[in-house]
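A look at the structure
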Amino acid sequence: MTDRTDPQGLPLDPASVATLAERGLEFRPASLEGEAGEAYIRAVGHGFLEESISEERVEGFRRAMTAWRSAGVFDPASANPLSPVGTIGVQVLDLTVEPDRTLPMHAISEVTVAGTHRRRGIARAMLTGELRAAKAAGTPIAGLTVSEATIYGRYGFSPATTLAHWTIDTRRVQLTGPRPTGRYDAISREQALADAQHLHDRARRARPGEVGAWPMSWESLLGLLPGSKDTEKVRVVRYTDAAGGVRGLLVYTLKSHERDYAQHTLRVQHLLTDGAEGHAAMWRFALEHDLTTTVTTWNTAPDEPLLWMVGDQRGIQREEMDHHWLRILDVPAVLAARTYRVPGAVRLRVSDPLGLAAGEWVFRVLADGAAHLEPVGSPEGGGDPGEAGEGADGVATVSLDVATLSSMFLGGVRAGTLHAAGRILADPASVRWLDATFAPLVPPLLSLWY
Ligand SMILES: CC(C)(COP(=O)(O)OP(=O)(O)OC[C@H]1O[C@@H](n2cnc3c(N)ncnc32)[C@H](O)[C@@H]1OP(=O)(O)O)[C@@H](O)C(=O)NCCC(=O)NCCS
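Residues numbered from 1 in each chain as written. Predicted model: local features only at pLDDT ≥ 70, side-chain atom pairs only at ≥ 80, totals over all residues. Heavy atoms only, no water.

From N to C terminus, the protein chain includes 12 helices and 19 strands. Taking 2.2 N^0.38 as the reference for a compact globule, 450 residues should give roughly 22 Å; the C-alpha atoms of the protein chain span a radius of gyration of 24 Å, in line with that estimate. Taking the principal axes of the C-alpha coordinates as reference, the protein chain spans close to 70 × 60 × 40 Å. Counting only residues that meet the buried cut, the protein chain has 52% of its 450 residues in that class. Within the protein chain, counting contacts between residues at least 6 apart in sequence, those at least 24 apart form 72% of the total. Mean positive and mean negative side-chain charge positions of the protein chain (45 and 55 charges, respectively) differ by 3 Å. (Helix = DSSP H or I, 4+ residues; strand = E, 2+ residues; numbered from the N terminus. Rg over C-alpha atoms; globule rule 2.2 N^0.38 Å. Buried < 20%, exposed > 50% of the residue type's maximum accessible area, 1.4 Å probe, protein only. Contact = heavy atoms within 4.5 Å. Lys, Arg positive; Asp, Glu negative; His and termini not counted. Charge placed at Lys NZ, Arg CZ, Asp CG, Glu CD.)

With that settled, the discussion passes to the sheet that holds strand E6 (residues 158-159). The seven strands are arranged E1-E2-E3-E4-E5-E14-E6 in an open sheet whose pairing can be described as mixed. This sheet does not close on itself; its edge strands, each paired only once, are strand E1 (26-29) and E6. Pairing geometry for strand E3 (residues 86-98) and strand E4 (residues 101-113), over 11 bridges, is antiparallel. Bridge pairing in E4 links Thr87 to Thr112. (Pairing = 2+ DSSP bridges.)

The subject of this paragraph is the UniProt feature "domain: N-acetyltransferase" (unreviewed entry) in the protein chain. In the UniProt entry, the feature "domain: N-acetyltransferase" (unreviewed entry) is given for residues 25-178. The span residues 25-178 shows a helical share of 29% and a strand share of 33%, and its end C-alpha atoms are spaced 60 Å apart. (UniProt positions renumbered as here; feature names shortened; annotations may be inferred.)

Bringing the site of the ligand into the picture now. Contacts to the ligand come from 21 residues, most closely from Val111, Val113, Arg119, Gly121 and Arg124. Contact between the ligand and Val111: a nitrogen atom at 2.8 Å from a main-chain N or O atom of the residue. In this structure, an oxygen atom belonging to the ligand sits 2.8 Å away from a main-chain N or O atom of Gly121. In the complex, 74% of the free accessible area of the ligand, which totals 890 Å², lies under the protein chains. (Near = heavy atom within 4 Å. Polar contact = N/O pair within 3.5 Å; in protein donor to acceptor, adjacent residues only side chain to side chain. Areas by Shrake-Rupley, 256 points an atom, 1.4 Å probe, with all protein chains shown as cover.)

Taken together, the side chains of Arg118, Arg119, Arg124 and Arg154 define a basic patch exposed on the protein surface. Among the secondary structure elements, Arg118 is positioned in the loop between E4 and helix H4 (122-136). By relative accessible area, Arg118 is classed as partly exposed at 45%. (Patch = residues over 30% accessible without salt bridge, like charges linked within 9 Å, V, L, I, M, F, W, Y side chains within 5 Å. Salt bridge = Lys/Arg side-chain N within 4 Å of Asp/Glu carboxyl O.)

Right under this line is the structure:
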């Protein structure tokens, strides 16, 4: 098994290296240093349509990307052979699956293919390669955040969390939540770094779908790396409770109205809190900010309590979007990592377009909520099930693909919804049981991009 703590040690998949070599392309780890490193960093920037990339920004990217094992596809025949025509970065992050329970997750980022080489199977070779490499290293699940929702389903990824963009009319909502008794301080982004890391680490352990921070992640998110855009606009306010504990941080920018100085928009970039007091305090600061009439957010949880701390919910426009896409690689390891609400059993028949996680198991939830998965064919797992319905052991069969199971896993998408969408084949009683037993202790969320 690979040392998961050292991303640079994550090997490339030999099959993808060979597939690309047959097409005259080299798939190899990419250094971020020197001229070759700069070419790699600029290729990633171009892939994400950065308008121009200054020397300073290259340096900022270099620092931000050191936590990832970057790899490139190179075309030796190209006019610039140092510049990759495909890029991908990976590292293993801690994925929270239930409060205080985590799994190692193969996180994928930096996916780009040069416009000159698009639609020739480079992305497919890189992505399927990473999934095989993760599986070979014993990492049970992969994840990514996407710029386009049409790319990754074919590889077995599927959305497991959503987030919401909120637009709040502050004149209309009438905040009714608790009044803070602590103090607010405006602080610099540099001063905010340690608090942001600490608050995020506490919050992410309590929320399924969140990931642990990686080196330079908060430096990057707070715009502390060279070449970061618009950093002079970023403001930070810290809330400290009456006992002196830091309970919240609000990272935000202000945008003026074209004509009316009393109608600024406050954009929440990050709202970091570790409990109800800090949460209420930070929202009150944002919603009662002078000279602003609109507050916007981009990473709001579907169950954000603010909705129940206002007098007029219709003063908040909400727009939901898929966010954290997961891809199970090892069904027994992943399903056994969380607990379930209602005892019972079904036979799970999981298909997988890449064959990595396919199989059949009797999925049994015990009285204490623990899951036990027994491969079908083993003495405990029972004999060969029929096409549908019950096997010889009286356990009903549920058929679904790995993407569907990946969406269900954290409890953010109900089995009943996926069944109604035609993505689960099962009898109504099994669907009701899956709905009840997969219910999450806390609804999932990912509040960052990676
Ligand atoms: C998206 C991107 C990586 C695809 O690279 P590519 O090498 O052209 O893709 P491939 O040739 O390997 O195509 C693989 C499959 O994806 C499909 N596909 C590729 N780009 C797609 C897109 N933008 N939308 C939908 N499907 C796409 C192909 O049709 C192909 O389908 P198939 O395997 O079912 O036949 C590339 O277009 C790109 O760099 N885009 C800009 C950066 C970006 O969006 N990155 C993703 C960040 S999350």
